[in-house]
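# Observations on the three-dimensional arrangement
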Number of protein chains: 2
Amino acid sequence: MDYDRRSALALIGGGLAAGLVGPSLIACASESETKRAPRAPDSGERVVHEPLPYVRLDPVHVGDLAYRNTFRGGCMYAVFGTIVDALAEQVGEPFTSYPTTVTRYGGGGVAGWGTLCGTLNGAAMAIYLVSRDPGPAINEVFAFYEQEALPNYVPAEARFQVPGSVAGSTLCHVSISRWCDASGFDASSPELGDRCAQLAASVAKYTVDVLNAQLDGSFTAARQPTAAALPCLGCHARGSAVESTFGKMDCGTCHTDKLENHPKG
Amino acid sequence: MDYDRRSALALIGGGLAAGLVGPSLIACASESETKRAPRAPDSGERVVHEPLPYVRLDPVHVGDLAYRNTFRGGCMYAVFGTIVDALAEQVGEPFTSYPTTVTRYGGGGVAGWGTLCGTLNGAAMAIYLVSRDPGPAINEVFAFYEQEALPNYVPAEARFQVPGSVAGSTLCHVSISRWCDASGFDASSPELGDRCAQLAASVAKYTVDVLNAQLDGSFTAARQPTAAALPCLGCHARGSAVESTFGKMDCGTCHTDKLENHPKG
């Protein structure tokens, strides 16, 4: 694999694919996750991953706070802001003053567009902030969201009993549509609002489970993206014959016409 | 509309849907986008939007920096980090020390999952950080990404001449797949890596155009989500007859089987 190809792979993967970036690129890093030494933006130095120190959190406590914080600032804030808040309770700075409210932008799959579920956007950001090995932890939480019937945790203050549903996707639009279908509630019902808050609680709780396991050294990747078990990526993923696409989302969620009547290769 | 319903709508929309949140909820806010007064996480106070002060930026300068920063920290960092860097060049604090490197998590549609394009995740976060009216600005940039042949700006240091393609989506997976199809390049080609850096440049540049227009008072919503012109939302969006879904993504990108052979209502 030549330099350009490795560089492109690392670039598009956001540098999370460990081992794809040569040591010479790592060595010249200068920025950490929090304080930035003033520098010229065009310095050309590669950003390195220097997470903040994580301490063990109580998943149930975080889940309950995330439920409440959903009503304060939306679903992305509920997960990211709550984990930062909980760390601030334990250790103070740098978490006490770490900015969190900007993550309100992610509500409703970013400003109501229904793209990436805000709970996952917040979980990924929180994991990246504090994990030394964020890629596998993000994978685990995303696959959990895709495959489990959620919400699977009922916070102490929950206002409604709501059913769980399997999203089969990491996208807000699909997740809400399938929950409306499974539950019979409509898309502006108060039950859906409470379901999203309970979902934030469930995702925040599971994210803390994963981060605690990484801290303990007991983390293993228990889940794989659904797409990993499908034949699609054997031909279409990077490094394969057709090599025409990119990603880990479940192919069958959208490509319903390709699973049974796939064009002959 | 009762309180619960309004609350649910505002919640799922991340509070961006102006006017949906009653004044009593706004009045008790306490947090700004940056410095947080230490507080109990369970205070119950609603987070309010207090953007940092934006100053006019040079879109071409930002575009060129975003291209370079893609190679430093991935696509989300390239847009968010570059706009913060450019503001730091102009005004110093609070932008100089504002944390940006955490946004590396968004690379490749978050850790390579191919969900929301990192350039848009970064643009939405940057807009929310500095815009007094972030919803319409985010809409504008997302619709631009969905509908324009991108990249549409060639940075001064671009390494490859690459064609543009219309994503028809805000998702990394779809955007890359369609570009590979349009260009003939494969998904681990150095040309794709450069296309993503030029895309970051194009999105950062357009985001600054929108923010500058908001600053000048000349901003008008020139684009609508493609979905707004489809008949789908007339039955399925919130407030309609079926009311079974949520979002602004182009319905036809995934629901290819529904456009011509829709089940009878």
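This text follows the structure it describes.
The structure contained in this document is the topic of the report that follows. Everything numeric here is computed off the predicted structure, so don't read it as measured data. (Residues numbered from 1 in each chain as written. Chains lettered and ligands numbered in written order. Predicted model: local features only at pLDDT ≥ 70, side-chain atom pairs only at ≥ 80, totals over all residues. Heavy atoms only, no water.)

### Comments concerning the overall build of chain A
- Counting its secondary structure elements, chain A contains 10 helices and 2 strands.
- N-terminal to C-terminal, the α/β element order of chain A is α-α-α-α-α-α-β-β-α-α-α-α.
- Within chain A, the proportion of its 265 residues that are buried is 58%.
- Taking the contacts inside chain A whose residues are at least 6 apart along the sequence as the reference set, 62% of them involve residues at least 24 apart.
- Carbon and sulfur atoms form 54% of the exposed surface of chain A, whose accessible area is close to 10000 Å². (Helix = DSSP H or I, 4+ residues; strand = E, 2+ residues; numbered from the N terminus. Buried < 20%, exposed > 50% of the residue type's maximum accessible area, 1.4 Å probe, protein only. Contact = heavy atoms within 4.5 Å. Areas by Shrake-Rupley, 256 points an atom, 1.4 Å probe, with all protein chains shown as cover.)

### With respect to the environment of Thr-119 of chain B
- Secondary-structure assignment places Thr-119 of chain B in helix α4 (residues 118–130).
- Here the alpha-carbon distance between Thr-119 of chain B and Phe-142 of chain B, two residues 23 residues apart in the chain, equals 9.9 Å.

### Let's talk about the pattern of salt bridges
- In this structure the tally under the stated criterion is 8 salt bridges over all chains.
- Linking Glu-148 of chain A and Arg-223 of chain A is a salt bridge whose minimum nitrogen-to-oxygen distance equals 3.0 Å. Of this pair, Glu-148 of chain A sits in the loop between α6 (134–147) and β1 (149–150) while Arg-223 of chain A sits in the loop between α8 (190–216) and α9 (232–236); the two residues are 75 residues apart in sequence, bridging distant segments of the chain.
- Of the residues examined, Glu-148 of chain A reaches a relative accessible area of 28% and is grouped as partly exposed.
- Arg-68 of chain B is paired through a salt bridge with Glu-157 of chain B; the nearest N and O atoms lie 2.0 Å apart. One end of the pair, Arg-68 of chain B, is in helix α3 (residues 59–91); the other, Glu-157 of chain B, is in the loop between β1 (149–150) and β2 (165–166), with 89 residues separating them in the sequence.
- It is possible to trace a salt-bridge network through shared partners that takes in Glu-140, Glu-148 and Arg-223 of chain A. (Salt bridge = Lys/Arg side-chain N within 4 Å of Asp/Glu carboxyl O.)

### Points about the environment of Ala-197 of chain A
Residue and element names in this part refer to chain A.
- Structurally, Ala-197 is set in helix α8.
- In this structure, the C-alpha to C-alpha distance between Ala-197 and Ala-66, residues 131 residues apart in sequence, is 7.4 Å.
- Not counting residues within four places of it along the chain, the set of residues in contact with Ala-197 comprises Tyr-67, Thr-70 and Phe-71.

### A few points about the side chain of Ser-169 of chain B
All names here are of chain B.
- Following the sequence through the fold, Ser-169 ends up in the loop between β2 and α6 (172–183).
- Here the side chain of Ser-169 touches Leu-171 through a polar contact of 2.9 Å, landing on its backbone nitrogen.
- Setting aside residues up to four positions removed in sequence, Ser-169 forms contacts with Tyr-145, Glu-146, Val-174 and Thr-253. (Polar contact = N/O pair within 3.5 Å; in protein donor to acceptor, adjacent residues only side chain to side chain.)

### Details of the side chain of Thr-82 of chain B
All names here are of chain B.
- As for its position among the elements, Thr-82 is in helix α3.
- Judged by relative accessible area, Thr-82 falls into the buried class, the value being 0%.
- A polar side-chain atom of Thr-82 sits 2.4 Å from the main-chain carbonyl oxygen of Ala-78.
- Ignoring any residue separated from it by four or fewer positions in sequence, one finds Thr-82 in contact with Val-62, Leu-65, Ala-66, Asn-69 and Tyr-77.

### Considerations on the packing of aromatic side chains
- What the rule picks out here adds up to 10 aromatic pairs over all chains.
- Look at Trp-179 of chain A and Phe-185 of chain A: their rings are 5.8 Å apart centre to centre, the planes differ by 15°, and that puts the pair in the stacked class.
- The class of Trp-179 of chain A is buried, set by a relative accessible area of 0%.
- Exposure remark for Phe-185 of chain A: the relative accessible area of 29% places this residue in the partly exposed category.
- Summarising the aromatic geometry, the rings of Tyr-67 of chain B and Phe-71 of chain B are spaced 5.3 Å apart at their centres and angled 70° between planes, so their arrangement reads as edge-to-face. Here the residue Tyr-67 of chain B and the residue Phe-71 of chain B both occupy positions in helix α3, the gap between them amounting to 4 residues, near one helical turn. (Phe/Tyr/Trp six-rings, centres within 6.5 Å; stacked < 30°, edge-to-face > 60°.)

### Focus on the nonpolar core
- Within the largest apolar cluster, 102 residues are counted, with the highest numbers of intra-cluster contacts made by Tyr-105 and Leu-129 of chain A together with Tyr-105 and Leu-129 of chain B.
- Element by element, the count of residues in this core is highest for α3 of chain B, at 11 residues. (Core = buried A, V, L, I, M, F, W, Y, C linked by side-chain atoms within 4.5 Å.)

### Describing helix α5 (residues 134–147) of chain B
Residue and element names in this part refer to chain B.
- Look at α5: 20 Å from first C-alpha to last across 14 residues, which is about the 20 Å you get at 1.5 Å a residue.
- Taken residue by residue, α5 has Pro-134, Gly-135, Ala-137, Ile-138, Glu-140, Val-141, Phe-142, Ala-143, Phe-144, Tyr-145 and Glu-146 as its buried positions.
- Along its buried surface, α5 packs onto α4, β1, β2, α6 and α7 (190–216). (Expected span 1.5 Å × (residues − 1).)

### Observations concerning the environment of Asp-209 of chain A
- In this structure, Asp-209 of chain A sits in helix α8.
- Judged by relative accessible area, Asp-209 of chain A falls into the partly exposed class, the value being 33%.

### Section: the packing of helix α3 (residues 59–73) of chain A against helix α4 (residues 75–91) of chain A
Residues and elements named next belong to chain A.
- Two elements in contact, α3 and α4, have axes separated by 8 Å at closest approach and are oriented at 130°. Taken together, the axis directions place α3 and α4 in an arrangement best described as oblique. Classified by chirality, the crossing of α4 by α3 is right-handed. Of α4, the residues touching α3 (which contributes His-61, Val-62, Leu-65, Ala-66, Asn-69, Thr-70, Arg-72 and Gly-73) are Cys-75, Tyr-77, Ala-78, Thr-82, Ile-83, Asp-85, Ala-86 and Glu-89.
- Counted by class, the contact of α3 with α4 contains 8 nonpolar, 5 polar and 3 charged residues. (Axes fitted to C-alpha atoms, helices over the stretch in contact; angles between N-to-C directions. Parallel < 35°, antiparallel > 145°, perpendicular 65-115°, else oblique. Left-handed = near helix turned anticlockwise from the far one by under 90°. Nonpolar A, V, L, I, M, F, W, Y, C, P; charged D, E, K, R; others polar.)

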